[in-house]
Amino acid sequence: MTNPLLAPGKGPFALPDFAHITDDDFAPAFEAALSEARANIAAIAETPDAPSFANTIDAMELAEATLDRVAGVFYNLSGADSTPAREALMRDLAPKMAAFASEVTMNRPLFARIETLWNARDTLELTCEQARVLELYYKMFIRSGAALEGAEAERMTAIKALLAVLSTQFSQNLLADERDWFRTLAEDELEGLPDFVVEAAKAAGAERGQSGPVLTLSRSLIVPFLQFSPRRDLREIAYEAWTARGANGGETDNRALAAEILALREERAKLLGYESFAAYKLEPEMAKEPAQVRELLMRVWEPAKAAAEADAAKLTEMLQEDGLNGDLEAWDWRYYSEKRRVAEHDFDEAALKPYLSLEAMLNAVFDTANRLFGLDFKPLDGPFYHPDVRGWEVTRGGKHIAVFLGDYFARASKRSGAWCSAMRSQSKLGGETRPIVVNVCNFAKGDPCLLSYDDARTLFHEFGHALHQMLSDVTYQFVSGTSVARDFVELPSQLYEHWMEVPEVLQKHARHWQTGAAMPEALLQKLLAASTYDQGFATVEFIASALVDLAFHEGAAPKDPMAKQAEVLAEIGLPKAIRMRHATPHFGHVFSGDGYSSGYYSYMWSEVMDADAFAAFEEAGSPFDEATAKRLEECILSVGGSVPADAAWMAFRGKKPGVEPLLRGRGLLDVA
Ligand SMILES: [Zn+2]
């Protein structure tokens, strides 16, 4: 019997044959797909024919088709519906897939062919998309060190291995510090804590073999403790312990590791010919260079700092009304801010939820996509990979666009968080391939399923990523859908969230699941007003971290990162009662791997763009302005990575993104 993963898909949309795929099929399917891919790559590298775009790049695009198909199904299932067998296979596959990827980029004859094409690129009569794909392939090889030889190549390999070890060590130290610290809470120390915090503290105590509740350093426990505990002495102890993670001396101290990691990164960038690690990391991003990142962050910094300082003055008054003298401290901010929130913006989540059923919000998501892009959604019969998964055929004017799967409910087999993945990406090379796109969330299942405001926002966010995949219209899978710069990829998703806050969308769709009544206007207004609360604090703690991350990777690596951190914070004048969101010894984004090193800014970069992109609709007079929606699809959603991010943006907006819409969205404009 043939392996269902290796067979072409089923039905009119060639979906994976979910009903017949078993866990036993994955390992042999990967083995077959990997050896097919290896053979294809070897054939490309070794052909005696002179290199051409078709026999090199086109061929590489098609070389891993089977592997893509098998991996598309497997990696989706291992995140959304894991089993012990799938977890074991994940561990087994990780080194095999990594080895294959490095075999490809270290394949010298293959690189020689790509380099030949690159050097002759002006004579090849390539389409714009082909030229872009060639550039991205060439840079991928260069950036991984394919052009290095002899001692330099060896050093590069050694640096990569060292960095992998050191960043793993960094995460493990952090975990150890987070695991080891706890403090038992006596009965009278539970004062003021809501039931859910007390319950979480009891569960944490039981987990640690204690008879009573304990405070731990887990964010989901310590943040509400800092918000609700009236005991200033305990808040100080808790806050200091929380912010000392990775800096407690001894074996788990991360400070020396951070210095080592930064030095190796600088060496790696220099070997590749870049002046700094930041220059290396930012080259493929929309930001391109450190100066651009700094400029944007500083444009937001000043208004954010002014707002935070105004808030600090109010919170200090509240502190003094409590009979305390002296300054507002870092462990006071969340406590007084929560009190102020209740006084100024309180609304009852429980009263809101009946208006936000999953069905109602899905209708809102689909209706918005229909009004903006003319998409229609028709339910599809399963079976899909789990009974909770629902499917829709997405069409436009009767033409098939994509298959969309929604996997919305939490279950033990699903990892936490929410994400969008393509089980199959759009492409046209070798025949039109339309995508299969999955949105995975972790909503509490209920009858009906009622969402919180944050949940509903997540639904819109992930669907924005799904649109980026579904509306993709490129030839090469390498640049399809969400295959764009990291500081650009959150634009479509964060932008889509804005439509949830369009009053007419909530008025039309946020209806009581039992009575069908529209959300009361007063509730709607409170909801919209609450979204800008305490954004001075949030923005300041974020930007402080982003600027330190940037400073670490520009120029020579600091020998003493803690001193460098202090220098950066002094320079920008960080308000006394606010600290970095992530200080160096526990800045996992930056040191537990390469992902967000010199890239922590990208969250805010995307937010500046999504706010400005939505402003384009407002300027055109309507959130559903037809011409603007058309331009958004043509210039951004359909082109994937086939156009550089800054060019795609300019084609859509005609000017660089301004920070004013973000400042307005965060309530940071016109701070008194
Ligand atoms: Zn996202």
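Residues numbered from 1 in each chain as written. Predicted model: local features only at pLDDT ≥ 70, side-chain atom pairs only at ≥ 80, totals over all residues. Heavy atoms only, no water.

1. As for the sheet that holds strand E4 (residues 390–396)
Across the sheet, which stays open at both edges, the five strands sit in the order E3-E4-E5-E7-E6 with mixed pairing between neighbours. Two strands lie at the open edges of the sheet, namely strand E3 (376–380) and strand E6 (419–424), each paired on one side alone. Each adjacent strand pair in this sheet contributes to an overall mean axis angle of 30°, direction not counted. Of the strands in this sheet, strand E5 (399–409), E6 and strand E7 (436–443) are in contact with helix H3 (residues 65–80), which crosses E6 at around 150°. (Pairing = 2+ DSSP bridges. Helix = DSSP H or I, 4+ residues; strand = E, 2+ residues; numbered from the N terminus. Axes fitted to C-alpha atoms, helices over the stretch in contact; angles between N-to-C directions. Contact = heavy atoms within 4.5 Å.)

2. Re the pairing of E7
Among the eight residues in E7, seven count as buried, and that is most of the element. For E5 and E7, the ladder comprises six bridges, and the chain directions are parallel. Across the sheet, the residue bridging to Leu405 is Val438, located in E7. Note: E6 against E7, five bridges, orientation antiparallel. Residue pairing across strands places Ala422 opposite Val437, the latter belonging to E7. (Buried < 20%, exposed > 50% of the residue type's maximum accessible area, 1.4 Å probe, protein only.)

3. What about the environment of Asp610?
Along the polypeptide, Asp610 turns up in helix H24 (residues 602–619). Owing to a relative accessible area of 4%, Asp610 belongs among the buried residues under this scheme. As a C-alpha pair, Asp610 and Gln494 span 116 residues in sequence and 6.0 Å in three-dimensional space. Apart from residues lying up to four places away in sequence, Asp610 is in contact with Leu491, Gln494, Leu495 and His498. Within the structure, Asp610 has its side chain in polar contact with the side chain of His498 (distance 2.6 Å). (Polar contact = N/O pair within 3.5 Å; in protein donor to acceptor, adjacent residues only side chain to side chain.)

4. Focus: the pattern of salt bridges
Under the definition given, this model contains 50 salt bridges. Across the pair Asp332 and Arg235 runs a salt bridge, and its minimum N-O distance is 2.7 Å. In this pair, Asp332 is assigned in helix H14 (residues 330–345) and Arg235 in helix H10 (residues 232–243), connecting sequence segments 97 residues apart. Looking at Arg235, the relative accessible area reads 1%, which means it is buried. Ionic pairing is found between Arg390 and Glu359, a salt bridge with its closest N-O pair at 2.9 Å. Placement of Arg390 in strand E4 and of Glu359 in helix H16 (residues 358–373) is noted, with a sequence separation of 31 residues between them. Given the relative accessible area of 42%, Glu359 is considered partly exposed. In the salt-bridge network here, residues are joined through shared partners; they are Asp23, Asp81, Arg86, Asp388, Asp407, Arg411, Lys414 and Lys445. (Salt bridge = Lys/Arg side-chain N within 4 Å of Asp/Glu carboxyl O.)

5. Here we look at the packing of H10 against H14
Two elements in contact, H10 and H14, have axes separated by 8 Å at closest approach and are oriented at 120°. Looking at the two axes, H10 sits oblique to H14. With respect to the hand of their crossing, H10 and H14 are arranged in right-handed fashion. Contact residues: Arg232, Arg235, Glu236, Tyr239, Glu240 and Trp242 in H10; Ala330, Trp331, Asp332, Arg334, Tyr335 and Tyr336 in H14. (Parallel < 35°, antiparallel > 145°, perpendicular 65-115°, else oblique. Left-handed = near helix turned anticlockwise from the far one by under 90°.)

6. Some words on the nonpolar core
Counting residues in hydrophobic clusters, the biggest one holds 141 residues, and the most contacted among them are Phe463, Met470, Phe488 and Trp499. Residue contributions to this core peak at 12 residues, all from helix H13 (residues 290–321). Leave out the neighbours within four places in its chain, and Phe488 touches Met286, Met609, Ile636, Ala645 and Ala648. Counting residues in each nonpolar core, the second largest holds 56 residues, with Leu77, Val104, Leu429 and Tyr476 among its members. (Core = buried A, V, L, I, M, F, W, Y, C linked by side-chain atoms within 4.5 Å.)

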